[in-house]
Amino acid sequence: RSMHEFSMSPLNSNILSSINFAENTAVICLDCMSFSEWFAIKYHLSEYGINHFEEKFSLAIIPSVTKYSRMSIFEGRNPLDSDKKNEEKAFKEYLGLLDYDQNSILFKNLREIDINYDGYDKIGLIYTFIDEIVHGSINKKMTILSVIDILNSLKFGKLISELLKNNYTIYLTSDHGNVYCKSTEINLAKQMVDEKDTRVAIYTKQNLAEEIQWDSKICLNFPTIMGSDKYIVTDIKRKNFGNRTEGLSHGGI
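Our subject in this report is the structure included herewith.

Cut-off values and rules
Residues numbered from 1 in each chain as written. Predicted model: local features only at pLDDT ≥ 70, side-chain atom pairs only at ≥ 80, totals over all residues. Heavy atoms only, no water. 1 Å grid on protein atoms, 1.4 Å probe; cavity = no way out; pocket = protein on both sides within 12 Å on 5 of 7 lines; lining within 4 Å. Points joined across faces, edges and corners; volume = space filled by probe spheres on them. Helix = DSSP H or I, 4+ residues; strand = E, 2+ residues; numbered from the N terminus. Nonpolar A, V, L, I, M, F, W, Y, C, P; charged D, E, K, R; others polar. Contact = heavy atoms within 4.5 Å. Buried < 20%, exposed > 50% of the residue type's maximum accessible area, 1.4 Å probe, protein only. Pairing = 2+ DSSP bridges. Core = buried A, V, L, I, M, F, W, Y, C linked by side-chain atoms within 4.5 Å. Salt bridge = Lys/Arg side-chain N within 4 Å of Asp/Glu carboxyl O.

## Some points on the layout of surface pockets
The calculated volume of the largest pocket comes to roughly 1,000 Å³. Along its surface, the largest pocket is lined by 36 residues, and Glu 54, Glu 55, Lys 56, Tyr 171 and Leu 172 are the ones closest to its centre. Residue assignment for the lining of the largest pocket shows that the elements contributing at least two residues are α1 (35-46), α6 (156-165) and β4 (168-173). Tallying contributions element by element places β4 first for the lining of the largest pocket, with five residues. Grouping the amino acids of the lining of the largest pocket by side-chain chemistry returns 18 nonpolar, 14 polar and four charged.

Put into structure tokens, the structure is as follows:
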């Protein structure tokens, strides 16, 4: 199966192009935040008097592989067109092409909330605490309770409130969500796979991608996103590869 035109679709790679950077702007990626955790974050923000949101959705690029989905947000490109730099360089280069002063751009990958953004009018932030919670969690209830606890201890709403008071437009987004998965009990030969994560295997040879068969397998090819030589193998029933125990894994909107 393939789809060939994604230039107007709500992919992560199109997030930056939808933003008016003429304003003071903060783009904040909450790694591994699914729609479920978003409700916990909204509740937390409401305790700081923040109640008005414009809600949209974006689709992760290869949900189980963070490097594709997160890089695409801050580079504004899909993997086929990517220069494979780190997120900070990608974000600053994107804004540089729009003629914004590099000295006015702040980028951080962090956990703490107290950051000095004086003098910066373009901000990019990555927070990984949800991803860390998800990988140590066995169910959604535990995840949500842990996220609420961390938000409170970090006083995440304080940062958002201060940015709003300083006239920043804030975009909260995620590189990919998370879903509950069981095991496929399928072990893929490592030497045959170009890249592999919990729910996705990427091959450069179509015959290798099609070789192993099981009932809920699906093989995808997106030439305009990944390239014509990338074949993505996953499972339509939200299953992990290998003999993993059931639990939360990357995926979702």
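## A short note on the side chain of Glu 37
By secondary structure assignment, the location of Glu 37 is in helix α1. In this view, Glu 37 contacts Cys 32, Ile 130, Lys 140, Thr 143, Ile 144, Val 147 and Asn 178; residues no more than four positions away in its chain are not counted.

## Some words on the pairing of strand β1 (residues 24-30)
In terms of residue burial, β1 counts as a mostly covered element, since six of its seven residues are buried. Pairing between β1 and β4: six bridges, direction parallel. Its bridge partner lying in β4, Asn 24 is registered against Tyr 168. Looking at chain direction, β1 and strand β3 (residues 122-127) are connected through six bridges and run parallel. When the sheet's bridge partners are listed, Val 27 is paired in β3 with Gly 124.

## Some remarks on unusual backbone geometry
You will see that Asn 167, though not glycine, has its phi angle at about 65 degrees, which is positive. Here Asn 167 shows up in the loop between α6 and β4. A relative accessible area of 63% places Asn 167 in the exposed class. If you check the backbone angles, Glu 185 has positive phi at about 60 degrees while not being a glycine. Its location among the elements puts Glu 185 in the loop between β5 (178-183) and β6 (195-196).

## Details of the nonpolar core
Ranked by size, the top nonpolar core spans 32 residues in total, and within it Ile 41, Tyr 127, Ile 130 and Phe 156 carry the most contacts. Put simply, the parts of the chain that give this core at least two residues each are β1, α1, β2 (105-110), β3, α4 (129-135), α5 (140-154) and α6. The contacts of Ile 41, once residues within four sequence positions are left out, are Leu 30, Met 33, Ile 130, Leu 151 and Phe 156. Core analysis: the next-biggest nonpolar cluster, separate from the first, contains 14 residues, Ile 15, Ile 19, Phe 74 and Phe 91 among them.

## Let's talk about the pattern of salt bridges
Evaluated as defined, the whole model comprises 15 salt bridges. The closest approach of N and O atoms between Asp 83 and Arg 77, which form a salt bridge, is 2.9 Å. Take Arg 77: its relative accessible area is 27%, and that puts it in the partly exposed class. A single network of salt bridges, built from pairs that share partners, joins Glu 75, Arg 77, Asp 83, Lys 85 and Glu 93.

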